[in-house]
Number of protein chains: 2
Amino acid sequence: MKLSQIGELSLLEHIRRTFSRKAKDIIVGIGDDAAVVNPSGKRILFTTDMMAEGVHFDLRFVTAYQLGFKLISVNVSDIYAMAGKPSYVLITIAVHHTTRTEFINNFFQGVEAALKLYKIVLIGGDVSSAVNDIALSATVIGYAENVIQRSGARAGDRLYVTGPLGDSACGLALLKQIGSTVPLQVTRSVTGLKQAVGYRKLRSYLSRQGLSWKMTEPLLRRHLMPEAKMPKQWRRNATAMIDVSDGLLIDLSRLCNESRVGARLYEEKIPISAEMNKAASCLGLSPLTLALSGGEDYELLFTAPPGKKVRALCIGDITESRRIIVDSAGSERPFSAEGYQHFGNENTI
Amino acid sequence: MKLSQIGELSLLEHIRRTFSRKAKDIIVGIGDDAAVVNPSGKRILFTTDMMAEGVHFDLRFVTAYQLGFKLISVNVSDIYAMAGKPSYVLITIAVHHTTRTEFINNFFQGVEAALKLYKIVLIGGDVSSAVNDIALSATVIGYAENVIQRSGARAGDRLYVTGPLGDSACGLALLKQIGSTVPLQVTRSVTGLKQAVGYRKLRSYLSRQGLSWKMTEPLLRRHLMPEAKMPKQWRRNATAMIDVSDGLLIDLSRLCNESRVGARLYEEKIPISAEMNKAASCLGLSPLTLALSGGEDYELLFTAPPGKKVRALCIGDITESRRIIVDSAGSERPFSAEGYQHFGNENTI
């Protein structure tokens, strides 16, 4: 049987069952955003995520700097999603031996920009050659006093998201139309935009579509240089939390699976940015589909008991078991995990 | 400039300088076998290493089971080389979507065998698809009361190694001659050897060469399923320690660089196994060259003050700055880092 044929039988579920042995100081092992261990009373979190060329990124559309930044963000996001504070990171990078040093330098500049943003420190790693594709991975270690797992949601809880969804998927669709990299860096101003590779393509594409740079920049940024969302005040009331990395429906399904509950989503409450709405219609895409199934937004999705004052967008509530979406006319339809899945299965051990 | 052209200008040295920022609870950051942090009095070690298809392994010669086992061993070896006790591991694996599930299952069986051997627990990871090559990485976390760094060697110290060198490189050379995988598993008995793929090739090769399975098995095992060496009693007296992963001369040079010292190696004291001596001559290879420059033996190389009783093989001593090899006739020649280096440079951040 090939991986692509597994379907419902989850490879990761198998791994998880095989390795679910509990050691006395493991608070959370396999199956959540990060692992938590408790050495002498202090909880330390570990998470790892990889990015493979041709699967997670395409060098026609992303710069080495942006890759470095994003590699850190996606891992930090997993620590934040447990209400942890990221502290350290280890990186592995395998690149072809003909790769130019500028590429590696730019990659690590992007890493450095992210380290500054999240106030974390690189403490190790491994650099190797690769025969064909670039492979990147990072392990982020963090601390938490109280972790918020995926498993704490209860029927009756409200469901919240911390910001608009679908921007990243829309940004990727835009990038593919533009057909080149875009010189975004960590600062909001685009340094040397006019001198940059791809500027002409970008300008000509935008003017053909009647789109402005001001409107497209946030969408491209959400895809190329996502910033992980710090859990801040939400952690006080959250009963369960996950980051939206693979798409709202997939990640909500994971939260529901872990909590053994269902959810009711209200279509009209799902936050969609004005920029995404406009760009999606130019691209002939449905903003709602992007928001439900587009991945890599790195917003936090969490639940909190009713009656709590929560400064986030309520998009639904937790049910006993039914998983339904309610449209603007009040009609209900069931939902299941949809979006991007490697081998059609979950990918985080 | 391409990575392959960098030569003396070390890419990793650059990364190390860029990221050498010290946080108050980092005991050892970039530049040793593992990173050490000190949360509330307890030292936690982290290390990461990757294995890329076509660079670190070739599926014509290694089984998925062996890959899984080796991935854990090479990382555990880094924790041991700091005198740490490994505790947890996170894994990332990227495989082509047409990869058969048997491959993944076998890989994780190999991982599991190693986890049992080292008494460690898998606490997380990431599985992804890859377009071409398989990429594997692991992060191992451990504890230590007192770490032994690479930097503690002093002129006058004796230099020790914990076992024979060159076996792994000789095993690889044998494998290439055999031209297929060899069904070694963690148990010493080879289950189903005669039924295994490659058995005929193996048998015909061995009989042509006048080599026995009993003699070649330990060499193949050292390459395919290396076992990390626990520092045990050595840790009491060791002033500096490193594992021999890239070859004696490279790893000794690293130890010397970090300690700002030189070393004098005695050729005739370098331990060479009887099996390797025999097989190397069948292969037309120099046992000494394999022992000096072959990698992946995962023995520990360490220094201890003179006068200490050390139950390991003394192969030389530490000098102020000269790095020389003394041959059996007493002639001296300088040595420098030789062996396998990605891009001709150090590869551990």
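Not measured: the values here are computed from a predicted model.

Q: Residue-level account of the overall build of chain A, with values.
A: Within chain A, the secondary structure is distributed over nine helices and 13 strands. Put simply, chain A has 349 residues, and 55% of those count as buried. For chain A, long-range pairs separated by at least 24 residues make up 83% of all intrachain contacts whose partners lie at least 6 apart in sequence.

Q: Go over unusual backbone geometry, please, and point to the residues and values.
A: At Lys232(A), a residue that is not glycine, the phi angle is positive and equals roughly 40 degrees. For Lys232(A), the location among the structural elements is in the loop between α6 (213-224) and β8 (240-243). Its identity is not glycine, yet Ala83(B) carries a phi of approximately 65 degrees, on the positive side. The topology assignment puts Ala83(B) in the loop between α2 (64-80) and β4 (85-96).

Q: Hey, could you go over the nonpolar core for me, with residue numbers and the actual values?
A: Membership of the largest hydrophobic core comes to 204 residues, with the highest contact counts inside it found for Ile72(A), Val89(A), Ala135(A), Ile72(B), Val89(B) and Ala135(B). Ala135(A) has contacts with Met50(A), Ala52(A), Ala94(A), Ala130(A), Ala52(B), Ala94(B) and Ala135(B), leaving out every residue within four places of it along the chain.

Q: So what's going on with the pairing of strand β5 (residues 121-130) of chain B? Residues and values would help.
A: Judged by how many residues are buried, β5(B) sits mostly within the fold: 10 of 10 residues are covered. For the crossover from β4(B) across helix α3 (residues 101-118) of chain B to β5(B), the handedness is right-handed.

Q: How would you explain the packing of α6(A) against helix α8 (residues 274-283) of chain A if you had to name every residue and give the values?
A: All names here are of chain A. Look at α6 against α8: their axes get within 9 Å of each other, and the N-to-C directions meet at 100 degrees. Considered as vectors, α6 and α8 are oriented roughly perpendicular to each other. On α8, the residues touching Met215, Thr216, Pro218 and Leu219 of α6 are Glu275, Met276, Lys278 and Ala279. For the contact of α6 with α8, the residue count by class is five nonpolar, one polar and two charged.

Q: Requested: an account of the sheet that holds strand β11 (residues 313-319) of chain B, with residues and values cited.
A: Residues and elements named next belong to chain B. If you trace the seven strands from one edge of the open sheet to the other, you get β8-β10-β7-β11-β9-β12-β13, paired in mixed fashion. At either margin of the open sheet sits one strand with a lone partner, and together these are β8 (240-243) and β13 (332-334). Averaged over all adjacent pairs, the angle separating strand axes in this sheet is 25 degrees, with direction ignored. Two elements, β8 and strand β10 (residues 300-304), share four bridges in a ladder whose sense is antiparallel. The partner of Ile242 across the bridge, within β10, is Leu301.

Q: Describe helix α4 (residues 167-178) of chain B, naming the residues involved and giving the relevant values.
A: Residue and element names in this part refer to chain B. For α4, spanning 12 residues, the distance from its first C-alpha to its last is 16 Å, which sits close to the expected 16 Å at 1.5 Å a residue. Summarising burial for α4: 10 of the 12 residues are buried, a large majority. Every buried residue belonging to α4 is among Asp167, Ser168, Ala169, Cys170, Gly171, Leu172, Ala173, Leu174, Leu175 and Ile178, and all of these are buried. The inward-facing, buried residues of α4 abut α5 (199-209), α6 (213-224), α8 (274-283) and α9 (287-293).

Q: Just give me the short version of the confidence of the model for chain A, but keep the residues and values in it.
A: Regions with low pLDDT carry predicted coordinates that are not meant to be interpreted in detail. Looking at chain A as a whole, its pLDDT mean stands at 84, while 81% of the residues score no less than 70. Here the complex is predicted with pTM 0.87, and the ipTM for its interfaces comes to 0.85.

Q: Give me the environment of Ala83(A): which residues, what numbers.
A: Residue and element names in this part refer to chain A. With 24 C-beta atoms counted inside 10 Å, the residue Ala83 sits in the buried group. Ala83 sits 94 residues away from Gln177 along the chain, and the two C-alpha atoms are 37 Å apart. What Ala83 contacts, discounting residues up to four positions off in sequence, is Ala144, Asn146, Val147, Ile148, Pro231, Arg235 and Met241.

Q: Go over the sheet that holds strand β13 (residues 332-334) of chain A with me, naming the residues and quoting the values.
A: Within a sheet, adjacent strands bond to each other through the backbone by hydrogen bonds, running parallel or antiparallel. Residues and elements named next belong to chain A. Taking strand neighbours across the sheet as the criterion, the seven strands line up as β8-β10-β7-β11-β9-β12-β13 in an open arrangement whose pairing is mixed. This sheet does not close on itself; its edge strands, each paired only once, are β8 and β13. Ignoring which end each strand starts from, the neighbouring axes of this sheet average 25 degrees apart. With four bridges connecting them, strand β9 (residues 262-266) and strand β11 (residues 313-319) associate as antiparallel partners.

Q: An account of the environment of Leu265(A) is requested, with residue identities and associated values reported.
A: Residue and element names in this part refer to chain A. With respect to the element layout, Leu265 can be found in strand β9. Take Leu265: there are 21 C-beta atoms within 10 Å of it, and that puts it in the buried class. Between the C-alpha atoms of Leu265 and Asp317, which are 52 residues apart in sequence, the distance is 6.8 Å. Setting aside chain neighbours within four positions, we find Leu265 in contact with Ile315, Gly316, Ile325, Val326 and Phe335.

Q: Explain the pairing of β11(A) residue by residue, including any values.
A: Pairing of strand β7 (residues 158-161) of chain A with β11(A) involves four bridges; the strand directions are antiparallel. Residue Val161(A) lies in a different strand from β11(A), and its bridge partner there is Leu313(A).

Q: Report on the packing of α4(B) against α6(B), specifying residues and quantitative values.
A: Residue and element names in this part refer to chain B. At their nearest, the axes of α4 and α6 sit 7 Å apart, and the two run at 105 degrees to each other. In terms of their interaxial angle, α4 and α6 are classed as roughly perpendicular. Of the residues in α6, those in contact with Asp167, Ser168, Cys170, Gly171, Leu172, Leu174 and Leu175 of α4 are Thr216, Pro218, Leu219, Leu220, Arg222, His223 and Leu224. Its residues assigned to classes, the contact of α4 with α6 comprises eight nonpolar, four polar and two charged.

Q: Describe the environment of Leu117(A), listing the residues and the values that go with them.
A: All names here are of chain A. Residue placement: Leu117 occurs in helix α3 (residues 101-118). A residue is classified by how many C-beta atoms lie within 10 Å of it, and Leu117, with 16 of them, is partly exposed. Separated by 111 residues in the primary sequence, Leu117 and Ala228 place their C-alpha atoms 9.9 Å from one another.

Criteria and cut-off values
- Residues numbered from 1 in each chain as written.
- Chains lettered and ligands numbered in written order.
- Predicted model: local features only at pLDDT ≥ 70, side-chain atom pairs only at ≥ 80, totals over all residues.
- Helix = DSSP H or I, 4+ residues; strand = E, 2+ residues; numbered from the N terminus.
- Buried ≥ 20, exposed ≤ 12 C-beta atoms within 10 Å, placed from the backbone.
- Contact = placed C-beta atoms within 7 Å.
- Core = buried A, V, L, I, M, F, W, Y, C linked by C-beta atoms within 7 Å.
- Right-handed = clockwise from strand over helix to strand, strands pointing away.
- Axes fitted to C-alpha atoms, helices over the stretch in contact; angles between N-to-C directions.
- Parallel < 35°, antiparallel > 145°, perpendicular 65-115°, else oblique.
- Nonpolar A, V, L, I, M, F, W, Y, C, P; charged D, E, K, R; others polar.
- Pairing = 2+ DSSP bridges.
- Expected span 1.5 Å × (residues − 1).
- pLDDT = per-residue confidence, 0-100.

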